[in-house]
Amino acid sequence: MLCDVFSSRRKADTYLYLPHGGDFEEVPEALRESFGTPVKVLTVNLAKREQLARISSAELTRHLNDPGFYLQLPPAQEKLK
């Protein structure tokens, strides 16, 4: 399965994964508005990878099948005392 990865111009380190050729308009409206104009950064062949940066290929494939996308948010910042 091929997957397109888009970055958000509004939110640093925020990425949206869609099935290759998927339509950004199919993503829920609230997410589209929050994410802003998507910028395609790469296409990944999930069959050739077991793991991506923060998610396994198998788990990502499940998300791409239902609900049809995956939103990767930046890691939580540790609070210093």
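Scroll up to find the structure this text is about.
I will try to describe carefully the structure that is included in this document. Predicted, not measured: the structure shown is a model, and the values here were computed from it.

Cut-offs applied
Residues numbered from 1 in each chain as written. Predicted model: local features only at pLDDT ≥ 70, side-chain atom pairs only at ≥ 80, totals over all residues. Heavy atoms only, no water. Helix = DSSP H or I, 4+ residues; strand = E, 2+ residues; numbered from the N terminus. Rg over C-alpha atoms; globule rule 2.2 N^0.38 Å. Buried < 20%, exposed > 50% of the residue type's maximum accessible area, 1.4 Å probe, protein only. Contact = heavy atoms within 4.5 Å. Salt bridge = Lys/Arg side-chain N within 4 Å of Asp/Glu carboxyl O.

**Looking at the overall build of the protein**
- For the protein, the count of helices and strands is 2 helices and 4 strands.
- When its helices and strands are written in sequence order, the protein yields β-β-α-β-α-β.
- Computed over the C-alpha atoms, the radius of gyration of the protein is 13 Å, within 12% of the 12 Å expected from 2.2 N^0.38 for a compact globule of 81 residues.
- Each principal axis of the C-alpha distribution contributes one length, and for the protein these read about 45 × 30 × 20 Å.

**Considering unusual backbone geometry**
- Here the bond from D66 into P67 is cis, since omega is 25°, no more than 30 degrees from zero.
- Along the chain, the position of P67 falls in the loop between helix 2 (57-65) and strand 4 (70-72).
- At D13, a position not held by glycine, the phi torsion is positive, near 60°.
- Tracing the chain through its elements places D13 in the loop between strand 1 (2-8) and strand 2 (15-19).
- Residue D13 is classed as partly exposed on the basis of its relative accessible area of 46%.

**Regarding the environment of C3**
- Along the chain, C3 turns up in strand 1.
- By relative accessible area, which is 0% here, C3 ends up buried.
- Separated by 44 residues in sequence, C3 and A47 have C-alpha atoms that sit 10 Å apart.
- C3 has contacts with Y17, L18, H20, L42, T43, V44, L46, L60 and L64, leaving out every residue within four places of it along the chain.

**A few points about the side chain of S7**
- Within the secondary structure layout, S7 lies in strand 1.
- In contact with S7, not counting residues within four places along its chain, are T14, Y15, F35, T37, P38, V39 and V41.

**Focus: the pattern of salt bridges**
- Applying the stated criterion across every chain yields a total of 2 salt bridges.
- Linking D4 and K40 is a salt bridge whose minimum nitrogen-to-oxygen distance equals 3.4 Å. Here D4 is found in strand 1, whereas its partner K40 is found in strand 3 (residues 38-45), with 36 residues between them in sequence.
- Since its relative accessible area comes to 45%, K40 is described here as partly exposed.
- Here E25 makes a salt bridge to R32, at a shortest N to O gap of 3.6 Å.

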